[in-house]
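Residue strings, one per chain:
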Amino acid sequence: MLTIEWKGDRVRYIDQTELPRATVYKETTDYRDVIESMKTLEIRGAPAIGVAGAMAVLLSACHPEGELVESIKRAAGEIACARPTAVNLVWAVDAMLRKLDRVENETDQVIRNALTDEALRIWQEDQTACKAMGDNGAELLEDGMTVLTHCNAGALATVDYGTALSVIYSATESGKRISVYADETRPLLQGARLTAWELMQREIDVTVICDSAAGYFISHGEIDAVIVGSDRIASNGDVANKVGTYPLSVVASRHGVPFYVVAPLSTIDPRLDSGEDIPIEMRDPGEIISGFCPSIAPEGAKARNPAFDVTPAELVTVIVTEVGVLRPPYDDSISRALKSAKID
Ligand code: MRU
């Protein structure tokens with residue numbers, strides 16, 4: 001099961017808003033549908049959004065509206081703004097535009113072929129990176145551990161395997177028995193709906209808990225590690241992830257529980273010195289009043305809905321990437337990792 005795929009002239013993806021009730025695939029040839037699907041979380045998770053962004057740019061090349069190069073550039077501008085926090089989106093759209101720059105004076109067919117190659121490279125690299133993160137992080141988990149995760153940082157948040165969940169998949173494949181506590185992740189329940197579904201598909205022991213119960217289980221010594229993904233990491237190691245991650249890191253630190261972040265290098269934003277500069281998406285307050293649940297607050301109740309928060313680097317035990325496990329001080333380890341991958 002791949003979360004997103006290129007099918008010659010169209011994109012095929014799982015509509016994650018239908019899970020776990022039904023596994024529904026959608027196909028489209030219109031980049032605007034992909035933008036809408038990212039906004040409504042039919043496609044979600046930072047790496048998956050990056051791949052979807054690249055494929056949306058490719059759709060605009062395959063189905064141009066007017067002159068080809070102008071049409072692609074216009075679409076790319078719209079696509080890059082679909083969601084503001086996950087830097088993977090801008091990273092992938094920029095990669096497509098750099099490719100376009102190199103071929104823009106060639107024929108339309110050459111341009112389309114070049115952009116197809118680039119989108120498929122990004123798609124393939126996502127899978128390779130996720131597998132490598134899983135293998136690199138698996139050494140952190142021991143047989144019999146119970147780990148707590150927040151939101152969904154699994155196969156559904158990427159093309160396959162996932163980031164945080166890839167570590168659990170790799171550890172279990174090597175014979176370790178790992179139990180997972182999944183925060184339900186209000187308001188849109190990515191943990192209860194998606195993480196629990198994914199782990200149950202793979203027959204990994206999973207227990208869904210209310211977000212507000214995480215402190216109870218951590219303080220009672222029932223959690224050996226917290227493991228999460230990320231939407232953007234600043235160059236000092238501050239980590240943005242689904243809202244509710246920051247309080248988890250505080251409670252974990254208070255009780256001496258390690259706090260692991262798993263993310264590909266494409267999630268690191270070397271332009272930002274610290275997490276203070278990470279843009280936090282504010283979503284519709286209606287998601288809190290009646291997101292995936294029937295209406296749970298009085299009609300007209302006020303609500304506020306930041307979708308992400310920032311965990312300071314000092315509370316992050318390690319950052320697992322595809323090139324290895326990064327340790328504090330993160331300014332150093334991040335800049336060395338980016339240099340080794342020739343990104344700066
Ligand atoms: O709003 P979402 O569901 O896109 O938020 C996703 C997350 O917060 C994930 O934890 C993050 O993207 C890491 S995914 C590998």
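## Topic: helix 11 (residues 330-340)
What helix 11 keeps buried is the set Tyr-330, Ser-333, Ile-334, Ala-337 and Leu-338. All buried residues of helix 11 project into a common sector of 130° when viewed along the axis, lining one side. Away from its buried face, by an angle of more than 90 degrees, helix 11 presents the exposed residues Arg-336, Lys-339 and Ser-340. Summarising the contacts, the buried residues of helix 11 are in contact with strand 8 (232-234), strand 11 (268-269), strand 13 (318-321) and strand 14 (324-326). The positive-phi residue at the C-terminal boundary of helix 11 is Lys-342, with phi of around 60°.

## Description of the pattern of salt bridges
For the structure on display, the rule yields 20 salt bridges. Measuring nitrogen to oxygen at the nearest pair gives 3.6 Å for the salt bridge that ties Lys-7 to Glu-5. Of the charged contacts, one joins Glu-104 and Lys-73 as a salt bridge, the two residues approaching to 2.9 Å between their closest N and O atoms. Remark: Lys-73 occurs in helix 3 (residues 68-80) and Glu-104 occurs in the loop between helix 4 (87-103) and helix 5 (108-138); sequence separation between them is 31 residues. Taking the relative accessible area as the measure of exposure, Glu-104 reaches 27% and is therefore partly exposed. Judged by relative accessible area, which is 38%, Lys-73 ranks as partly exposed. Residues participating in the shared-partner salt-bridge network are Asp-9, Arg-10, Arg-12 and Glu-27.

Cut-offs applied
- Position labels on residues start from 1 in each chain and follow its written sequence.
- Local features are withheld for residues below a pLDDT of 70 in this predicted model, meaning they are given only at 70 or higher, and side-chain atom pairs are given and counted only at 80 or more; totals for whole chains, interfaces and linings count all residues.
- Neither water nor hydrogens contribute to the side-chain values; these are computed over all heavy atoms in the structure.
- Burial classes: relative accessible area under 20% of the type maximum marks a residue as buried, over 50% as exposed, and values in between as partly exposed (1.4 Å probe, protein chains only).
- Going along the chain from the N terminus, every DSSP run of H or I of four or more residues is numbered as a helix, and every run of E of two or more is numbered as a strand.
- Directions are taken from the helix axis to each C-beta atom, and the arc is the one they span.
- In what follows, residue pairs with any heavy atoms lying within 4.5 Å of each other are defined as contacts.
- Criterion for a salt bridge: a side-chain nitrogen of Lys or Arg within 4 Å of a carboxyl oxygen of Asp or Glu.

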